[in-house]
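Spelled out, the chains give:
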Amino acid sequence: MKSPGRWWIRAWNLALAGALSQIGFIPVVFVVGAMLCGLWLDLRLGTRPVLTAACMIAGATLGLVVMVRTAMTAASRFRMEGMQPGRRGPGPARLRQEDEPDDPGEAAG
């Protein structure tokens, strides 16, 4: 059953889903940037394929690491509608402090 006071959880999750849908571009940006950097270095130093290949491998590795860390960070911020009332975390969970009391006895007294 949906709780009417939890509309912000859905809004927060939709915002994170939008950000996560763009995560696949992170390795592409790193690889293309590293390739351009490697080509520039190869032209300056005269070592045609060596630095381009090394920079692309480093860019792909770094891009994958950044992508996985970003995905894990964003995924950990998703909120479930049935989460524990006493649990605190980043994002809209801070709003809950004003909206609803942690202890049902506080609301009565």
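All of the points below concern the structure found in this document. These figures come from a predicted structure and were not determined experimentally. (Residues numbered from 1 in each chain as written. Predicted model: local features only at pLDDT ≥ 70, side-chain atom pairs only at ≥ 80, totals over all residues. Heavy atoms only, no water.)

**Considerations on the overall build of the chain**
Move 1: When you go through the chain residue by residue, the secondary structure sums to five helices and zero strands.
Move 2: Element order for the chain, N to C, with α for helix and β for strand: α-α-α-α-α.
Move 3: About 7800 Å² of surface is accessible on the chain, with carbon and sulfur atoms providing 68% of the total. (Helix = DSSP H or I, 4+ residues; strand = E, 2+ residues; numbered from the N terminus. Areas by Shrake-Rupley, 256 points an atom, 1.4 Å probe, with all protein chains shown as cover.)

**Focus on helix 1 (residues 7–20)**
Move 1: The end-to-end C-alpha distance of helix 1 is 20 Å, a good match for the 20 Å that 14 residues give at a rise of 1.5 Å each.
Move 2: Of all the positions in helix 1, only Trp-8, Ile-9, Asn-13 and Leu-16 are classed as buried. One face of helix 1 carries all of its buried residues, which in axial projection span an arc of 135 degrees. Those residues of helix 1 that are exposed and aimed more than 90 degrees away from the buried face are Trp-7, Arg-10 and Leu-14. (Expected span 1.5 Å × (residues − 1). Buried < 20%, exposed > 50% of the residue type's maximum accessible area, 1.4 Å probe, protein only. Arc of directions from axis to C-beta.)

**Looking at helix 2 (residues 25–45)**
Move 1: The end-to-end C-alpha distance of helix 2, which contains 21 residues, comes to 30 Å, matching closely the 30 Å that a straight helix rising 1.5 Å per residue would cover.
Move 2: Pro-27, Ala-34, Gly-38 and Asp-42 are the residues of helix 2 that are buried. The buried side chains of helix 2 occupy one side of the element, clustering within an arc of 70 degrees when seen end-on. Looking at helix 2, the residues exposed on the side facing more than 90 degrees away from the buried face are Phe-25, Val-29, Leu-36, Leu-43 and Arg-44.
Move 3: On its buried face, helix 2 is in contact with helix 3 (48–76).
Move 4: Gly-46 sits one or two positions beyond helix 2 and adopts a positive phi of about 75 degrees. (Contact = heavy atoms within 4.5 Å.)

**Points about the side chain of Asp-42**
Move 1: Within the element layout of this structure, Asp-42 appears in helix 2.
Move 2: Although Asp-42 is buried, it makes no salt bridge; Arg-48 carries the closest opposite charge, 5.7 Å away.
Move 3: Dropping the residues within four chain positions of it, Asp-42 is found in contact with Thr-47, Arg-48, Pro-49, Val-50, Leu-51 and Thr-52. (Lys, Arg positive; Asp, Glu negative; His and termini not counted. Salt bridge = Lys/Arg side-chain N within 4 Å of Asp/Glu carboxyl O.)

**Quick notes on the state of the cysteines**
Move 1: Counting across every chain of the model gives zero disulfides.
Move 2: Considering cysteine sulfurs only, Cys-55 is the nearest to Cys-37, which forms no disulfide, with 4.8 Å between them.
Move 3: Judged by relative accessible area, Cys-37 falls into the partly exposed class, the value being 39%. (Disulfide = S-S within 2.5 Å.)

**Here we look at the environment of Leu-16**
Move 1: Looking at the element boundaries, Leu-16 is found in helix 1.
Move 2: Judged by relative accessible area, Leu-16 falls into the buried class, the value being 11%.
Move 3: Once the C-alpha coordinates of Leu-16 and Phe-78 are considered, the two residues, 62 residues apart in sequence, prove to be 7.3 Å apart.
Move 4: Those residues in contact with Leu-16, other than ones at most four positions away along the chain, are Ala-74, Arg-77 and Phe-78.

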